[in-house]
Amino acid sequence: MEELPDDYNAWLSIGKNLPTLIENGQLRAEVEKLPMLNVDELRGHRSQRLAHLTLGCITMAYVWGRGDGDIRQVLPRNIAVPYCTLSEKLGLPPILVYADCVLANWKRKDPRGPMTYENMDILFAFPGGDCSKGFFLVSLLVEIAASPAIKEIPKIIKAVRCEDQEASEVALQHICSCLRKANEVFKEIRKYVDANQFFNVLRIYLSGWKGNPKLSDGLLYEGVWDTPKKFAGGSAAQSSIFQSLDILLGTEQSASGGSAAEFLQEMRTYMPPAHRAFLHALESCPSLREFVISSHNASLQEAYNSCVQALVSLRSYHLTIVEKYILTPARQQARESQASEESPDSESRGTGGTDIKNFLKAVRNTTQKALLKDV
């Protein structure tokens, strides 16, 4: 869905012109002039998700402005009230989440054409030229490549319950193929996303107000709460697909160390409720890992290990991308501004507010530990 009912054209008008409005210094004035709109007229999940995406982008633009340190600590009631009301309806927090900027922020150029980079565009962009398109679309295409793996999960659960080793092996091979394809798609990010534009521009607009020293008290949602609230920015940890595969493969991310495990659990609250429910249901299913171990089937074990290794490879590549797009530019910035009182640590955090390198290493290493030795 690309359009909202006419009553909400004022939101879309701002949302679709964010870079220009920000560059011209008009964004905040335009937001403050918006009428207070009632979200009850937004009927249906898809229109509500599009509105949530729209308000999320407007909110990020309003808070961070030109990205020059002039930050707003209060979200005006004419945005805050409908945004929080809509967020409650959807079971999502009132901040731009992965389910917004990646899963809902796209369209086909040719409606009958394929879902490829060449035939797709994003609905809303931030300053930074084509950086938004590259980052959001490649992230989406990784999800699309990995998504057929989800359809294999019920087959595996059924196979484990029926002790069907052959069906389990076939499904695991399909999942492994999906993960390898997702990793190949992920590599396209270097082609479409400029590291300087990402670090110095786009990343600012994806940052939240939890674990962020630039908004250490959080954001006040005027007319909704009397005190500021802290919400994490969009993060790949909010991807339901990869958390579901962790559960399926029994990689025990809860053992990856307190902060990493806690962050992954917290990120579930930033997923659509149906996705959270799916993860919760998976946790009560029979253990595939235990089934593979008890089978003493070398071929099945190899299929299982191939899946785990494919997930390890994807997470290792994520670490190299973080090095290129966040850590290296952060070190460069620190060298250039050694006189600055600001800790460079704040610049090397992920948009979700984590110490991103240590977090990703912990998750990757825990995944690696799931590999089965000869049993």
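Everything that follows concerns the structure shown earlier in this document.
Residues numbered from 1 in each chain as written. Predicted model: local features only at pLDDT ≥ 70, side-chain atom pairs only at ≥ 80, totals over all residues. Heavy atoms only, no water.

Taken together, the buried positions of helix H11 (residues 195–206) are Ala195, Phe198, Phe199, Leu202, Arg203, Ile204, Tyr205 and Leu206. Next to the buried residues of H11 lie helix H2 (18–23), helix H4 (45–64), helix H7 (131–146) and helix H16 (298–336). Between the side-chain oxygen of the N-cap and the backbone nitrogen of asparagine 196 there are 3.1 Å, and the N-cap of H11 in question is aspartate 194. (Buried < 20%, exposed > 50% of the residue type's maximum accessible area, 1.4 Å probe, protein only. Helix = DSSP H or I, 4+ residues; strand = E, 2+ residues; numbered from the N terminus. Contact = heavy atoms within 4.5 Å. Polar contact = N/O pair within 3.5 Å; in protein donor to acceptor, adjacent residues only side chain to side chain.)

In this section: the environment of isoleucine 71. Following the sequence through the fold, isoleucine 71 ends up in the loop between H4 and strand S1 (74–75). Classification of isoleucine 71 as partly exposed rests on a relative accessible area of 21%. The sequence separation of isoleucine 71 and leucine 215 amounts to 144 residues, and the corresponding C-alpha distance is 8.2 Å. Apart from residues lying up to four places away in sequence, isoleucine 71 is in contact with Arg28, Val63, Trp64, Lys214 and Leu215.

So, on to the pattern of salt bridges. Summed over all chains, the structure comprises 13 salt bridges. With a closest N to O distance of 3.8 Å, arginine 77 and glutamate 222 form a salt bridge. Here arginine 77, found in helix H5 (residues 77–90), pairs with glutamate 222, found in the loop between strand S4 (220–221) and helix H12 (240–249); they are 145 residues apart in sequence, far enough to count as distant. With relative accessibility at 43%, the residue arginine 77 sits in the partly exposed group. For glutamate 222, a relative accessible area of 30% translates into the label partly exposed. With a shortest N-O distance of 2.8 Å, arginine 315 and aspartate 246 are connected by a salt bridge. In this pair, arginine 315 is assigned in helix H16 and aspartate 246 in helix H12, connecting sequence segments 69 residues apart. One exposure class covers both arginine 315 and aspartate 246, and it is buried. Within this structure, Arg28, Asp70 and Arg72 form a network of salt bridges that share partners. (Salt bridge = Lys/Arg side-chain N within 4 Å of Asp/Glu carboxyl O.)

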